2 protein chains.
Amino acid sequence: MVELDFNKFGGLIPAVVQDYKTNEVLMVAFMNKESFEETLELKKSCFYSRSRNKLWLKGETSGNVQIVKEIFVGCELDSVLLKVEQVGNAACHEGYKSCFFRRLSNGELTIISKRVFNPKQVYNNLNQVGKNIATLEAKVYEKNKGVKK
Amino acid sequence: MVELDFNKFGGLIPAVVQDYKTNEVLMVAFMNKESFEETLELKKSCFYSRSRNKLWLKGETSGNVQIVKEIFVGCELDSVLLKVEQVGNAACHEGYKSCFFRRLSNGELTIISKRVFNPKQVYNNLNQVGKNIATLEAKVYEKNKGVKK
């Protein structure tokens, strides 16, 4: 069993994600040992969110998970490359296929891709779904309160 | 002028490097602000070496520099993607085109690429070149010692 080197950078290694068909780079994120092992087990990209300080199953909110087809390991065992099938065809929370949707030229950024989805709509809808589920759960809870177990 | 976010990770951001023709991912490394600015100015990949704690012009030892064709910026302004022409056709110090020359499957690594060069030969030759230059410099120095300026 291969042992990656998680010691160099506070327990984290960079993980590059590439579309398994087109080779487009979709994103780069970080993994700790636990998220790497989750990725192996689930065969879905799982990262470590530095902002939220927790495991992050990519697509857990949007549904746009990444099905891992192949994993490659960097020469120094301190980075990985995932080739994935991107569900929903958009890896970026901004609604683009790739997080690298802007080219830098002469100090200015230009958007070079088309949006796959409108993030406001998608995340608002998801929030609505979340609210509906919460309402439903509350109803079920209320219903069950009087039920003896 | 775009301002990248170097504050998240001790002044460093991940930089993914991709072959500009084939889209093969060659490597991932880190940049600090200075190395990013050097990259823009030189139009050659320049990273920050965490092991050597200094700027690292990719290819400075082997001659296998990376000529930067395009730069893309991640959605959160904390990562970059370089599309490059890899001089010498090998980015990896192990002699492979890509640092991701091993596939991980069932816990085992398999080499999936052919070596472009033998690193022992190349780096030994380079060391010899260095020694020759040092010898030459010493000779020039000796020669100049007696010369009045």
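As shown above, the structure is provided for reference.
Residues numbered from 1 in each chain as written. Chains lettered and ligands numbered in written order. Predicted model: local features only at pLDDT ≥ 70, side-chain atom pairs only at ≥ 80, totals over all residues. Heavy atoms only, no water.

Undergrad: Provide a residue-level description of the pattern of salt bridges, including the pertinent values.
TA: Counted by the stated rule, this structure contains 22 salt bridges over all chains. Put simply, A:Arg115 and A:Glu94 hold a salt bridge, and the shortest N to O gap is 3.5 Å. Separated by 21 residues along the polypeptide, A:Arg115 in the loop between β8 (108–111) and α2 (119–145) and A:Glu94 in the loop between β6 (80–86) and β7 (102–105) bring together distant segments of the chain. Of the residues examined, A:Arg115 reaches a relative accessible area of 46% and is grouped as partly exposed. In this structure, the salt-bridge partner of B:Glu24 is B:Lys97, at a minimum N-O distance of 3.6 Å. Of this pair, B:Glu24 sits in the loop between β1 (13–19) and β2 (25–31) while B:Lys97 sits in the loop between β6 (80–86) and β7 (102–105); the two residues are 73 residues apart in sequence, bridging distant segments of the chain. Assessed through its relative accessible area of 27%, B:Glu24 is described here as partly exposed. Overall, B:Lys97 belongs to the buried group, its relative accessible area being 16%. (Salt bridge = Lys/Arg side-chain N within 4 Å of Asp/Glu carboxyl O. Helix = DSSP H or I, 4+ residues; strand = E, 2+ residues; numbered from the N terminus. Buried < 20%, exposed > 50% of the residue type's maximum accessible area, 1.4 Å probe, protein only.)

Undergrad: How would you summarise the nonpolar core if you had to cite specific residues and measurements?
TA: With 26 residues, the main nonpolar core has B:Leu4, B:Met27, B:Met31, B:Phe47, B:Val80 and B:Leu82 as its most contacted residues. At 4 residues, β2(B) tops the list of elements feeding residues into this core. The residues touching B:Leu4, leaving out its near neighbours within four places in the chain, are B:Ile13, B:Phe36, B:Val73, B:Leu77 and B:Val80. Listed in part, the 25 residues of the second largest apolar core include A:Leu26, A:Phe47, A:Val84 and A:Tyr96. (Core = buried A, V, L, I, M, F, W, Y, C linked by side-chain atoms within 4.5 Å. Contact = heavy atoms within 4.5 Å.)

Undergrad: Give a detailed account of the interface of chain B and chain A, specifying residues and quantitative values.
TA: At the junction of the two partners, chain B supplies 42 residues and chain A supplies 42 residues. In this assembly, chain B packs against chain A so that about 3400 Å² is buried in total across both faces, 68% of it on carbon and sulfur atoms. Run the count over chain B and chain A and you get 4 salt bridges. The salt bridge involving B:Asp78 is made with A:Arg50; its shortest N-O contact spans 3.7 Å. Here chain B and chain A share 16 residue pairs in polar contact (both at pLDDT 80 or more) between them. Taken together, the elements giving at least two residues each to the side of chain B that touches chain A come down to β1, β2, α1 (33–42), β5 (66–73), β6, β7 and β8 (108–111) of chain B. Here the side of chain B that touches chain A is composed, by residue class, of 25 nonpolar, 7 polar and 10 charged. Across 3 bridges, the pairing between β7(A) and β5(B) is antiparallel. Bridge pairing links A:Leu104 to B:Ile71 in β5(B). (Buried area = accessible area lost by both parts, 1.4 Å probe. Polar contact = N/O pair within 3.5 Å; in protein donor to acceptor, adjacent residues only side chain to side chain. Nonpolar A, V, L, I, M, F, W, Y, C, P; charged D, E, K, R; others polar. Pairing = 2+ DSSP bridges.)

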